[in-house]
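Single-letter residue listing:
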Amino acid sequence: MTEALMVFVVDHGALALFLILAVNCVGVPFPTSLIMLAVGSLIEQGEMALWPVLAAGIGGAVLGDQTGYVIGRWGGARITGAIALRGEGAGAIARARALTEKWGGLGVFFTRWLLSPLGPYVNLASGAMRYPWERFLFWDFLGEALWVTAYVGLGIAFSRSVQNIADVLGSLTWFLVFGAATLFLGWRLFAHFRKSRVAAG
């Protein structure tokens, strides 16, 4: 799937990335992290332009998230209940509700990039719980901007050094490189926000 999506991006540029991230953030599981790393490598090689990629990536991700929020707001308990009946949906919806209730906007922010598998469920739960849209949009945009910029930036920064290894080991190399960076950044941000909440309380 990754190769087919990359061909789509190479053929149609930033617009393809916009569509891929929009569909992914609604809940369709695409390997978007690897795609953005590869796009960053293409930017470093001069085959794509940075600013259109960032604008399209952030815009597509935010659009997908907002779509999920609206579906949850309009469908409410009926939509979340239907999802809860499918496979692991019940646990995911419950975790998304608990995260939103406990952390509010920070829960939205962290599920854009650090806890991304919960992102689509948090979108639905936030809408169903009537979490204020303005706050959801603010934290959503902030998180998606960090996610897209970080992945594309790492693709640019490590393009030359990682590409040779990736030719041998495949996409696992990209996954490990960004996985380590994501965990470190997530730990630092979480510690910062937690310290701020303790100080404020």
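Only a predicted model underlies this, so the values are computations on that prediction, with no experimental measurement involved.

The rules behind the values
- Position numbers for residues start from 1 in each chain and track the written sequence from start to end.
- Owing to the predicted nature of the model, reporting of local features is limited to residues with pLDDT of at least 70; listing and counting of side-chain atom pairs is limited to 80 or more, with chain, interface and lining totals taken over all residues.
- Just so you know, side-chain values use all the structure's heavy atoms and leave hydrogens and water out.
- In DSSP terms, a helix is any run of H or I states spanning at least four residues, a strand is any run of E spanning at least two, and both are numbered starting from the N terminus.
- Working definition: with a 1.4 Å probe on protein chains only, accessible area under 20% of the residue-type maximum means buried, over 50% means exposed, and in between means partly exposed.
- Residues count as neighbours in contact if any of their non-hydrogen atoms are within 4.5 Å of one another.
- Where accessible areas are quoted, they stem from the Shrake-Rupley method and a 1.4 Å probe; at the residue level, only the protein chains shown are allowed to cover.
- Salt bridges, as used here, are contacts in which a Lys or Arg side-chain nitrogen is within 4 Å of a carboxyl oxygen on Asp or Glu.
- By convention, a stacked pair of Phe, Tyr or Trp rings (six-membered ring in the case of Trp) has centres within 6.5 Å and planes under 30 degrees apart, an edge-to-face pair has planes over 60 apart, and any other such pair is tilted.
- Note on method: axes are straight lines fitted to C-alpha atoms, helices fitted across the in-contact stretch only, with angles between N-to-C directions ranging 0 to 180 degrees.
- Roughly parallel refers to an angle under 35 degrees, roughly antiparallel to one over 145, roughly perpendicular to one between 65 and 115, and oblique to any angle outside these ranges.
- Handedness of each helix crossing follows the sense of rotation of the near helix against the far helix: counterclockwise by less than a right angle gives left-handed, clockwise gives right-handed.
- A residue's pLDDT is simply how confident the predictor is in it, with values from 0 to 100.
- Polar contacts here mean pairs of N or O atoms no more than 3.5 Å apart (in protein, one a potential hydrogen donor and the other a potential acceptor; neighbouring residues in sequence count only if both atoms are side-chain atoms).
- Among the buried residues, those of types Ala, Val, Leu, Ile, Met, Phe, Trp, Tyr and Cys that are joined through side-chain atoms within 4.5 Å form a nonpolar core.

Novice: Would you mind going over the overall build of the protein chain with me for this structure?
Specialist: Tallying secondary structure elements over the protein chain gives ten helices and zero strands in all. Start at the N end of the protein chain and walk to the C end: the helices and strands fall as α-α-α-α-α-α-α-α-α-α. Sorting the 201 residues of the protein chain into buried and exposed places 43% on the buried side. Long-range pairs, those at least 24 residues apart, make up 75% of the contacts in the protein chain with a sequence separation of at least 6. Of the roughly 10,600 Å² of accessible surface on the protein chain, a fraction of 67% belongs to carbon and sulfur atoms.

Novice: Help me out: how do you make sense of the pattern of salt bridges in this one?
Specialist: Once their charged atoms are close, side chains differing in charge can pair, the charge on each being opposite to the other. In this structure the tally under the stated criterion is two salt bridges. In this structure, Arg112 and Asp140 form a salt bridge, with 3.3 Å as the shortest nitrogen-oxygen distance. With a gap of 28 residues between them, Arg112 in the loop between α6 (105-110) and α7 (119-128) and Asp140 in helix α8 (residues 133-157) connect regions that are remote in the sequence. Each member of the pair, Arg112 together with Asp140, is buried. Within this structure, Asp65, Arg112 and Asp140 form a network of salt bridges that share partners.

Novice: Please explain the packing of aromatic side chains as it appears in this structure.
Specialist: For any pair of aromatic rings, the description consists of the separation of the ring centres together with the inter-plane angle of the planes. This model, assessed by the stated rule, comprises seven aromatic pairs. Aromatic pair Phe109 and Phe110: ring centres 5.3 Å apart, planes at 70 degrees, arrangement edge-to-face. For Phe109, a relative accessible area of 6% gives the class buried. Relative accessible area serves as the criterion here: at 7%, Phe110 is assigned to the buried category. Look at Trp147 and Tyr151: their rings are 6.0 Å apart centre to centre, the planes differ by 70 degrees, and that puts the pair in the edge-to-face class. A residue pair is termed a helical-turn pair when its members lie 3 or 4 positions apart in one helix, as Trp147 and Tyr151 do in helix α8 at four residues. Here Tyr151 falls in the buried class, since its relative accessible area comes to 9%. Here the aromatic residues Phe109, Phe110, Trp113, Phe138 and Trp139 are joined through ring pairs into a cluster of three or more.

Novice: Where do I start with the packing of helix α2 (residues 14-26) against α8 in this structure?
Specialist: In helix packing, the relevant descriptors are the interaxial angle and the interaxial distance, both defined with respect to the helix axes. Running from N to C, α2 and α8 cross one another at 130 degrees; their axes reach a closest spacing of 14 Å. In terms of their interaxial angle, α2 and α8 are classed as oblique. The hand of the α2/α8 crossing is right-handed. For the pair α2 and α8, contact is made by Leu21, Asn24 and Cys25 and by Glu144, Trp147 and Val148, respectively.

Novice: Would you mind going over the confidence of the model for the protein chain with me for this structure?
Specialist: Per-residue confidence for the protein chain gives a mean pLDDT of 84, with 76% of residues at or over 70. Per-element mean pLDDT across the protein chain ranges from 57 in helix α9 (residues 159-169) up to 97 in α2.

Novice: Teacher, can you tell me more about the environment of Asp140 here?
Specialist: Given a relative accessible area of 0%, Asp140 falls into the buried group. Beyond its immediate stretch of four places on either side in the chain, Asp140 contacts Val62, Asp65, Gln66, Val108 and Arg112. A distance of 3.3 Å separates a polar atom in the side chain of Asp140 from a polar atom in the side chain of Arg112.

Novice: Help me out: how do you make sense of the nonpolar core in this one?
Specialist: What tends to happen in soluble globular proteins is that the nonpolar side chains get buried as a cluster. Judged by nonpolar contacts, the single largest core of 42 residues is most densely connected at Ile35, Met36, Trp147 and Val148. When residues of this core are traced back to their parent elements, those giving at least two are α1 (2-12), α2, α3 (32-44), α4 (50-84), α5 (89-103), α6, α7 and α8. Not counting the four nearest positions on each side in its chain, Ile35 is found in contact with Leu5, Met6, Val9, Leu17 and Ile20.

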